[in-house]
Amino acid sequence: MLHIAIVGSGPAGFYTAEAAQKQWGDDVTIDIFDMLPVPYGLIRSGVAPDHQSIKAVARRYEATACSDNCRFTGNVAIGRDVSIAELQELYDAVVMATGAPNDKALTIPGAGLANVFGSAAFVGWYNGHPAFAGLDPDLSGETAVVIGMGNVALDVARILAKTPAEFAGSDIVAHALDALKASRIRRIVILGRRGPHQIMMTPKELGELAQLERASPRVDPRDLPDAGDDAMLEPGLRKSVTHLRSFAAIPASHHADMDVEIDFDFFASPCAIRGDGKVESVEVERTEVTAGRATGTGETYTIPCGMVVSCIGYQSSPIAGLPFDERAGRFASDEGRILPGLYCVGWARRGPSGTIGTNRPDSIHVVERMAEDLKNGSGKPGRAGFDELAKRRGLKLVTFDDWKQIEAAEAARARDGAPREKFVDVDEMIAAREG
Ligand code: NAP
């Protein structure tokens, strides 16, 4: 019997469990751990609350969690409650599926001012992640600046732009919905340091901006390259650029009818955030892009604003003693092999890229490498050893059945039409299990 511990119950963790079941059938037991009492990682805390169809993939993970040789254990922080070294003593393989929960640092002056947030915090706030539920952003300013032109920037801009009615059917948490109802933000500026041909936004997500009730996306036609140049783009990016072209063609009369504008500011590199204790403006340098590389022109301008959300990518949390690639912000690994018996998958392996589905082939690939290394189990105790250790330490573990009780309690307290009202506090989650 092979014993595998997976640290992290997000998409990469569950796809790894699924791949391990395919690889070893009945000859493997898999334990998936999460520091929160609730599973699914990014599906619960990262995917936008108005993208419920993407969240539906959790049903597939549930089937894995409920299968015979797989077990979910929540409310145990590996690295705090139980060390990696201890897990390695208990299991034949330990797989880090810990994602990339930290923001890539925005290193410009003023980045530490109040009401400047990284996307991990801001997204965590509207998604009810316990670490960020108390963020309390001030949405009373008229302009918000969103830095970066990836899908997270799109999520943040869209959430800020929506009317309360547009959140029907979503699982946005009550504290965020209340704050957004009172929001006075009427202009959202998305800053991209490069041009329309270098955006990281995918077509479906970008197209959603044209469907908003009270907001319209605005692109300056002068920023667009010659239409003929789009032919050389890969098809997805070409479609996204087609959306930008259609935004540029929106007549001024339409913008005038809308309450909120979403401005795409290309060739715009933020160089400082100004304010007296709290953000009041962003200073931006115009760039020129040559062969895909942005260089500053020396021309600067100022965008007065009351809030900044930096959506410039994520990085993994290093763990003392484990090789870490600081520059890339992920574990240093050879095709997922960190050290003998220790692996990484998903964003912890390749950095924050791709869609949820990208993690499936990624996990299969790493499980294939594991299969090359692990021919037979080595007699380690696996789950029984973990349970003994947890008991000795008095850990308050949360089982998948407990999670189903928490899930039912969240569904029971949901507002009309919403799938759930999440608990945003770990103790509340645990109490819901006990209740
Ligand atoms: P991303 O796609 O890597 O985009 C990051 C953006 O930030 C880029 O435009 C980048 O510009 C910019 N940037 C980076 N460093 C910067 C700096 N110092 N100053 C100014 N701009 C900077 O990252 P993301 O948006 O966080 O998304 C992470 C992953 O999650 C992606 O794979 C994304 O597709 C995925 N995701 C998917 C969905 C969905 O499918 N619905 C939703 C959310 C997220 P440069 O290109 O110039 O570096």
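Residues numbered from 1 in each chain as written. Predicted model: local features only at pLDDT ≥ 70, side-chain atom pairs only at ≥ 80, totals over all residues. Heavy atoms only, no water.

Draft legend 1. Structural view of the side chain of Glu18. Mapped onto the elements of the fold, Glu18 is located in helix 1 (residues 11–24). A polar contact of 2.5 Å, which involves the side chain of Glu18, links it to the side chain of Arg60. Excluding residues that lie within four positions of it along the chain, Glu18 makes contacts with Arg60, Thr64 and Arg360. (Helix = DSSP H or I, 4+ residues; strand = E, 2+ residues; numbered from the N terminus. Polar contact = N/O pair within 3.5 Å; in protein donor to acceptor, adjacent residues only side chain to side chain. Contact = heavy atoms within 4.5 Å.)

Draft legend 2. Focus on the layout of surface pockets. The space that makes up the second largest pocket amounts to roughly 270 Å³. If you trace the second largest pocket, you find 14 residues lining it, with Tyr40, Lys55, Ala58, Glu407 and Arg420 closest to the centre. If you tally residues by element for the lining of the second largest pocket, the top one is helix 4 (residues 58–65), at three residues. Of the residues contributing to the lining of the second largest pocket, the split by class is five nonpolar, one polar and eight charged. (1 Å grid on protein atoms, 1.4 Å probe; cavity = no way out; pocket = protein on both sides within 12 Å on 5 of 7 lines; lining within 4 Å. Points joined across faces, edges and corners; volume = space filled by probe spheres on them. Nonpolar A, V, L, I, M, F, W, Y, C, P; charged D, E, K, R; others polar.)

Draft legend 3. Spatial organisation of the site of the ligand. Around the ligand there are 20 residues in total, and Met149, Asn151, Arg193, Arg194 and Gly354 lie nearest to it. One nitrogen or oxygen atom from the side chain of Lys104 is found 2.9 Å from a nitrogen atom belonging to the ligand. Val152 places a polar main-chain atom, nitrogen or oxygen, 3.1 Å from an oxygen atom of the ligand. Calculation on the ligand without its partners gives an accessible area of 920 Å², and the protein chains cover 82% of this total. For the shell around the ligand, the element with the highest residue contribution is helix 7 (residues 151–161), accounting for three residues. Classifying every residue of the shell around the ligand by side-chain character gives nine nonpolar, six polar and five charged. Taken domain by domain, the shell around the ligand gets at least three of its residues from each of domain 1 (2–100 + 316–434) and domain 2 (102–310). (Near = heavy atom within 4 Å. Areas by Shrake-Rupley, 256 points an atom, 1.4 Å probe, with all protein chains shown as cover. Domains from an automatic or database assignment.)

Draft legend 4. How the structure looks around the domain arrangement of the chain. Per the domain assignment, the segments of the chain are domain 1 (2–100 + 316–434) and domain 2 (102–310). Relative placement of domain 1 and domain 2: their C-alpha centres are 31 Å apart. Taken together, the contact pairs 25 residues of domain 1 with 24 residues of domain 2. Approximately 1900 Å² of surface area, both sides summed, lies buried where domain 1 meets domain 2, with 49% of it carried by carbon and sulfur atoms. Considering only the surface of domain 1 that becomes buried against domain 2, Pro49, Asp50 and Val424 emerge as the three largest contributors, covering 30% of it. One can count five salt bridges joining domain 1 with domain 2. Measuring nitrogen to oxygen at the nearest pair gives 3.9 Å for the salt bridge that ties Asp171 to Lys422. (Buried area = accessible area lost by both parts, 1.4 Å probe. Salt bridge = Lys/Arg side-chain N within 4 Å of Asp/Glu carboxyl O.)

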